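# Summary of structural features
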Amino acid sequence: MKYNLPKYILPALLAIAFGCSTAKQDITSSPKNKTSIDRKVDSLLSLMTLEEKVGQMNQYNGFWNVTGPAPKDGSAAKKYEHLKKGWVGSMLNVKGVKDVKALQKIAVEETRLHIPVIFGYDVIHGYKTISPIPLAEAASWDLEAIQRSAEIAAAESAASGLNWTFAPMVDVSRDARWGRVMEGAGEDTYLNSVIAAARVKGFQGNLGEFSLAACVKHFAGYSFAEAGKDYSTADMNRNTLHNVILPPFKAAADAGALTFMNSFNDIDGIPATGNTYLQRDILKKEWNFEGFVVSDWGSMGEMVGHGYAKDLKQAAEMAANAGSDMDMESSGYIEHLSALVREGKVSEDKINDAVRRILKVKFQLGLFDNPYKYCDEAREAATVGKKEFHDGVLDVAKKSIVLLKNEKNLLPLKKQGQKIAVIGALANDKTSPLGSWRIGADDNTAVSVLEGLREYKGNQLTYAKGADVVLGNPQFVVETKINTTDKSGFAEAIATAKSADVVIMVLGEHGLQTGEGRSRAELGLPGVQQELLEAVYKANPNVVLVLTNGRPLIIPWAAQNVPAIVEAWHLGTESGHAIAQVLYGDYNPSGKLPMTFPRAVGQLPMYYNHKSTGRPGGDAPTESVFWSHYGDIDNSPVYPFGYGLSYSKFEYGKVKLSAGSFGKNGKITVSVDVKNNSTVDGKEVVQLYIRDLFGSVTRPVKELKGFELTEIKAGQTKTVTFTIDEKTIEFYTANNKWEAEAGDFKIFVGGDSATKNEASFTFTK
Ligand code: BGC
């Protein structure tokens, strides 16, 4: 559908502002196209009043029954009036073609300058057809599958009227207590970086009608909330900021992300929304980012809560001066920014810069060519829930599963003649697998584990709930209630287990025990599930524990006693099919943990790439107390970062280097033979880690620097090679810049971060 500009727009306005509006979309980053968009943006800007400019910087939450009568009172009426005046640049949480179109119509047909609104939504891991939570997808280490998953999410939501997703979250997460670890790619900077780029590419594609603008968040440091408590103070030093936190943001910006979101936390005592160093100096100057920055929900107003701004007006001043371009739901800009400009507290140049950025993204999305580009009801009906999307999310769901333990040959299950008992409320749950942030999807739309297993008809299958995990129907905005007392189903579960050959216990967290505002201080199996596990295990030790969770759990007892453990996260709509295919061996698991599984909460934050310290020691307590350790527990985790098994058995040969050293502009090649010493074809994530032995600032004991997901047929050997050059060993040095320092390095190649398969090289500058 081609949008026809209303007749009443002055022809002159048309000519100036929209110039070649029938020309092809300016979506590439070629300088020529950029120039043409910039010219259009400048023309339009020159026609705008200060209030209209500020309006573009204002984002409102969806506020009334859009297709019903216009609201008459209260804040909805005010927002509606603002929309009609052209004072709303963006809206969030409005979805579906009918509603989006109704609002867009007001913006483009009733306002003076007819500027389209950009509609944002938290499409975090799918819209209606839900993919695994992002942390789970990261466990696939499969960048193509992850990109495809983002494409599916974009296609469904763009067909439903949306233009912009508040994803990907690229916060490096080291503390499993933080509920939002489910939303990112885990604890490693490199893995987060490559996945960030894949997600941006997946969401944005060619910015056609099935694509969304991405929004990289939360800039920056949000995941470093002290003690994993959401919204808490984030404390880190500049070295950690640059070497650990910022690289995934940079990777996402380099991949072409059109927008960024700042964050709730303060950093170095300055709330991110009012942080000039982050938003202007690093993002916009150093990285040359040309898109815009939206605040997090109300984060401008929260600068008052932080005790940094004395009132909303001062918060607006600080945010605008610091480079926060759009205000999500604080109303600070719309209420105060024009006055602040008139008072000389914020320059009009800064406003122009922000508006230019916002308009530019709208041009890049093609909203000026056709504000109804995303509003085609027939396309919506034909797109949402497509079979190929179900196939796509099933594919990534299988790839996200991590086999943690497999003794007694319990897995894969035999397809005939086994008596299987399935136990656990989560086995029969069709909502929990959708995970947190599945806000476009309806309750009860996931395939449960039980349903998935029932499709394999050769075995006798019985089910017992054992115990509820949560009480009532958990809601997105309400604290989830856990069952800590009701064990009335234990007897039935024990009896069911006794009469089976194999017991599949599906335990863990409900989907809504994770996500925003859902930090937890205890990370064992919630409620009475640990007791249930031990009671069932006593009745029949042939237990396969299927974990469903949104963060690493503390499961030392299970890791010690239960013979088989499968990490199945919250895998989305096709969850039960994916799990059943892995349990029955129709898919050979290949996932690897993107976060360390600690032994105890007391070890948190825990991550493999920690610093050496002056007193490193080993893993286990020794006689002396004067080294960096706990007296009551090993330093090692239960499962390290990068860990995961397969039904195949992979054996690594020694690491080989093409040379012992390289100099400026040089490189060396690292190779290793990996043998599949089994009768099953499989896939392995071969991981490359580096240790820089001395630096101008202290360096981590190991850092992931590359990986290859490779398929190796039964009995075959594959040689996997990596190249190491200056880029590989660069870091943010004591000179406050990224550079490679001369010195000695260790290199490790293996199937997880604990590998000791090492060699050494020297970099001579
Ligand atoms: C979250 C953001 C999210 C926004 C809009 C905030 O509370 O921190 O990640 O995009 O809400 O829903």
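Residues numbered from 1 in each chain as written. Predicted model: local features only at pLDDT ≥ 70, side-chain atom pairs only at ≥ 80, totals over all residues. Heavy atoms only, no water.

The secondary structure content of the chain amounts to 22 helices and 29 strands. Radius of gyration (C-alpha) of the chain: 27 Å, near the 27 Å computed for a compact globule of 765 residues. In terms of overall dimensions, the chain has a C-alpha envelope of 80 × 65 × 50 Å along the principal axes. Put simply, the chain has 765 residues, and 61% of those count as buried. Put simply, 78% of the contacts in the chain that link residues at least 6 apart link residues at least 24 apart. Charge separation in the chain, taken as the distance between the mean sites of 86 positive and 89 negative side-chain charges, equals 2 Å. (Helix = DSSP H or I, 4+ residues; strand = E, 2+ residues; numbered from the N terminus. Rg over C-alpha atoms; globule rule 2.2 N^0.38 Å. Buried < 20%, exposed > 50% of the residue type's maximum accessible area, 1.4 Å probe, protein only. Contact = heavy atoms within 4.5 Å. Lys, Arg positive; Asp, Glu negative; His and termini not counted. Charge placed at Lys NZ, Arg CZ, Asp CG, Glu CD.)

A word on the environment of Asn-444. Secondary-structure assignment places Asn-444 in the loop between β12 (419-423) and α17 (449-454). Spatially, the C-alpha atom of Asn-444 lies 8.8 Å from that of Leu-434, the residues being 10 residues apart in sequence. Apart from residues lying up to four places away in sequence, Asn-444 is in contact with Lys-430 and Thr-431.

Viewed as axis vectors pointing N to C, helix α12 (residues 312-322) and helix α13 (residues 332-342) meet at an angle of 75°, and their least axial separation amounts to 9 Å. Relative to α13, the element α12 is oriented roughly perpendicular. Across the interface between the two elements, Leu-312, Lys-313, Ala-316, Glu-317, Ala-319 and Ala-320 of α12 pack against Gly-332, Tyr-333, Glu-335, His-336, Leu-337 and Leu-340 of α13. Looking at side-chain class alone, the contact of α12 with α13 contains seven nonpolar, two polar and three charged residues. (Axes fitted to C-alpha atoms, helices over the stretch in contact; angles between N-to-C directions. Parallel < 35°, antiparallel > 145°, perpendicular 65-115°, else oblique. Nonpolar A, V, L, I, M, F, W, Y, C, P; charged D, E, K, R; others polar.)

Bringing the packing of aromatic side chains into the picture now. Scanning all chains against the criterion turns up 25 aromatic pairs. Summarising the aromatic geometry, the rings of Tyr-608 and Tyr-689 are spaced 5.5 Å apart at their centres and angled 80° between planes, so their arrangement reads as edge-to-face. Within this pair, whereas Tyr-608 is found in the loop between α21 (575-583) and β19 (650-652), its partner Tyr-689 is found in strand β23 (residues 682-692), the two being separated by 81 residues in sequence. The exposure class of Tyr-608 is buried, given its relative accessible area of 8%. Its relative accessible area of 0% is what places Tyr-689 among the buried residues. (Phe/Tyr/Trp six-rings, centres within 6.5 Å; stacked < 30°, edge-to-face > 60°.)

Right, let's talk about the domain arrangement of the chain for a bit. The parts lose accessible area when they come together, and the size of an interface is often stated as this lost area. We note that the domain assignment places domain 1 (403-592) and domain 2 (650-764) within the chain. Put simply, the middle of domain 1 and the middle of domain 2, counted by C-alpha atoms, are 36 Å apart. Every contact between the two is made by four residues of domain 1 and, on the other side, eight residues of domain 2. In this assembly, domain 1 packs against domain 2 so that about 440 Å² is buried in total across both faces, 45% of it on carbon and sulfur atoms. It is Asn-588, Ser-590 and Lys-592 in domain 1 that bury the most area against domain 2; as a group they hold 87% of the surface buried on that side. (Domains from an automatic or database assignment. Buried area = accessible area lost by both parts, 1.4 Å probe.)

One finds Phe-249, Phe-260, Met-505, Val-544, Trp-569, Leu-583 and Tyr-639 to be the most contacted residues of the largest nonpolar core, which totals 188 residues. Each residue touching Trp-569, except ones within four places of it in the same chain, is listed here: Ile-133, Leu-135, Ala-136, Ala-139, Ser-400, Val-402, Leu-547, Thr-548, Asn-549, Leu-593, Pro-594 and Phe-597. One finds Val-672, Val-686, Val-720 and Val-749 within the second-largest nonpolar core, a separate group that totals 22 residues. (Core = buried A, V, L, I, M, F, W, Y, C linked by side-chain atoms within 4.5 Å.)

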